[in-house]
Structures are given as C-alpha cells and as structure tokens.
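Fold and geometry: a report
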Amino acid sequence: MRTLFKNGQKELYGISLILVIFGLLLIILNTQVLTGVLQIIGYALCALGAILIIYFLFRRGNTFLSTLVIGILCVIIGYFFARDPATILSMSSTLIGLVLIVNGILHMRTSLHYHDYYFPQWKGALIYGILVILVGVVFIMRPMASLMWILRFSGAALVVEGMAIAYGTHSFSSHLKQNPQFIEGEFTEKSDKKEKKEI
C-alpha cells in the first residue's frame, strides 16, 4: 500500500511539473516563436505528405487510395502552414471571435426568453451575452493581440492547475504521515482491537 501511494504521488508530481512547464511556455511564447513553430510543422507535413505519395506510387500492392488522399492533404496544409503562418494564427483568432459572437447572440436570445417568463435574472444573462459579443469583436479586429491574450490566459490556467495538483498531493501526503494508521491496513487492525475490547 505504501509503495502504491508513493508511485501515485510521483505521477501526480510529474503531471504537476509538466502542466507548470507547458503553462510557462504558453505565457513566454510570442507570435514570432509561434510562427516559427507553425513553419516547422508545415515543413514536416509536406515531408510526410511526400513520403505517403511516394509510398502510394511504388507500393501499389500494399496501399489504398486513402494513402494518396492523406498525402495530398498533408502537402496542401503543410504548404499553407510553411508559407504564411501569421495568416493561419490570425485566422484561428478570427474563428474564435466568430464563435464568441454567435455564443453571445444565443445568450441574448436566452435572456429575452427569460424576460418573457418574468425570470428576474434575465438582465444578468443579457449583459453577459453583450460582453461575450464585445470580446468576439475584439478578437476579430485585433486577431494577433487577442491570440497572445488567449495563450497567456491558458498558460496561467495551466500553471495554477499544476500548482493546485502539487499542493493537494503534498497536503494529502502530510496528512498520511501524521496519521500512519491509514497505511498498510493498520487502521483496520486498530479498529478491530477496539471492537474486541468493547466486547
């Protein structure tokens, strides 16, 4: 039991460390680094697509049409990633903005539905919908700046999550050290002895 707990503790600390590191990377990264990463991904996709196409041509008896289709798609996507990564980043932020605007409109419609049924919290839902739409508009108007904000917020969330996991694991470990009867069945044995004495 003690060994199992220690192994689980190490895994949780490892997950915590990975989350914190990845979160810090998201906070530190800027658009130049991201465009470079996208270019590398683009070149890798082009190479993979070329390999799949060559494999389809020369391994005629062991390949299917899907191999060719996937290879062509990899080359096309990789080409756009490598040629203009900044546009890809801008498009992703714009797409998020559109999703937020649609979501905000749906919230506004829901708030008006609440108003029809005299639900007292309809104003809060309406204000929330308007705020979501405004955020979506900002994402569309300033896509690169909005993308950096998303990355930093996500990175901060991952850092907090990693620290929370580490703190919870440490607190639970300290609790078990202060109460060793919970480990290796000692708690059950003591409970049985107390029951025998009472009898």
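From a predicted model like this one, the values you see are computed outputs, not experimental measurements.

1. Remarks on the overall build of the protein chain
Of the regular secondary structure elements, the protein chain holds 7 helices and 0 strands. Ordered by position from N to C terminus, the α and β elements of the protein chain give α-α-α-α-α-α-α. Burial statistics for the protein chain: of 199 residues in total, 24% are counted as buried. Long-range contacts, defined as pairs at least 24 residues apart, comprise 74% of the intrachain contacts of the protein chain with a sequence gap of at least 6. Carbon and sulfur atoms make up 71% of the accessible area of the protein chain, which totals about 14,400 Å².

2. Some details on the side chain of Ser 111
Topologically, Ser 111 is positioned in helix α4 (residues 85-116). The contact partners of Ser 111, leaving out residues within four places of it in the chain, are Trp 122, Ala 125 and Leu 126.

3. A word on the nonpolar core
Grouped together as the largest cluster of nonpolar side chains are 8 residues: Leu 26, Leu 34, Leu 38, Phe 81, Leu 89, Leu 147, Met 148 and Leu 151. If you list the elements that add at least two residues to this core, you get α2 (31-58) and α6 (143-178). The greatest single-element share of this core, amounting to 3 residues, is contributed by α6.

4. Here's the deal with the state of the cysteines
Counted under the stated rule, the structure contains 0 disulfides. Counting only cysteine sulfurs, Cys 74 is the nearest neighbor of Cys 46, a cysteine outside any disulfide, at a range of 9.0 Å. According to the relative accessible area criterion, Cys 46 is partly exposed, its value standing at 23%. Taking relative accessible area as the criterion, Cys 74 reaches 14% and is therefore assigned buried.

5. Examining the packing of α4 against helix α5 (residues 122-141)
Between α4 and α5, whose axes approach to 7 Å, the crossing angle comes to 165°. Relative to α5, the element α4 lies roughly antiparallel. In the packing of α4 onto α5, the handedness of the crossing is left-handed. Residues belonging to the contact of α4 with α5 are distributed by class as follows: 18 nonpolar, 10 polar and no charged.

6. Let's talk about the confidence of the model for the protein chain
Across the protein chain, the average pLDDT comes to 77, with 80% of residues at or above 70. Per-residue pLDDT, averaged within each element of the protein chain, yields its smallest value for helix α7 (residues 186-198) (47) and its largest for helix α3 (residues 65-83) (90). Below a pLDDT of 50 lies the segment residues 186-195, which in the model reaches 5 contacts outside its immediate sequence neighbourhood of four places, other chains included.

7. A look at the environment of Leu 95
If you trace the backbone, Leu 95 turns up in helix α4. Distance from Leu 95 to Phe 139, taken between C-alpha atoms, is 8.6 Å for residues 44 residues apart in sequence.

8. Points about α3
Because each turn of an α-helix spans 3.6 residues, side chains separated by three or four positions end up pointing in the same direction. Spanning 19 residues, α3 covers 27 Å between terminal C-alpha atoms, matching the ideal 27 Å at 1.5 Å per step. Each element contacted by the buried residues of α3 is listed here: α2 and α4.

9. Remarks on the side chain of Ser 16
Of note, Ser 16 is situated in helix α1 (residues 2-28). When its relative accessible area of 6% is taken as the criterion, Ser 16 is described as buried. Discounting residues that sit within four places of it in the chain, Ser 16 has contacts with Gly 162, Met 163, Ile 165 and Ala 166.

10. Section: α4
The end-to-end C-alpha distance of α4, which contains 32 residues, comes to 47 Å, matching closely the 46 Å that a straight helix rising 1.5 Å per residue would cover. When α4 is considered as a whole, its buried residues turn out to be Pro 85, Leu 89, Ser 93, Gly 97, Ile 101, Gly 104 and Ser 111. One or two positions beyond α4, positive phi appears at Tyr 118, with a value near 60°.

Reading the values: rules and limits
Residues numbered from 1 in each chain as written. Predicted model: local features only at pLDDT ≥ 70, side-chain atom pairs only at ≥ 80, totals over all residues. Heavy atoms only, no water. Helix = DSSP H or I, 4+ residues; strand = E, 2+ residues; numbered from the N terminus. Buried < 20%, exposed > 50% of the residue type's maximum accessible area, 1.4 Å probe, protein only. Contact = heavy atoms within 4.5 Å. Areas by Shrake-Rupley, 256 points an atom, 1.4 Å probe, with all protein chains shown as cover. Core = buried A, V, L, I, M, F, W, Y, C linked by side-chain atoms within 4.5 Å. Disulfide = S-S within 2.5 Å. Axes fitted to C-alpha atoms, helices over the stretch in contact; angles between N-to-C directions. Parallel < 35°, antiparallel > 145°, perpendicular 65-115°, else oblique. Left-handed = near helix turned anticlockwise from the far one by under 90°. Nonpolar A, V, L, I, M, F, W, Y, C, P; charged D, E, K, R; others polar. pLDDT = per-residue confidence, 0-100. Expected span 1.5 Å × (residues − 1).

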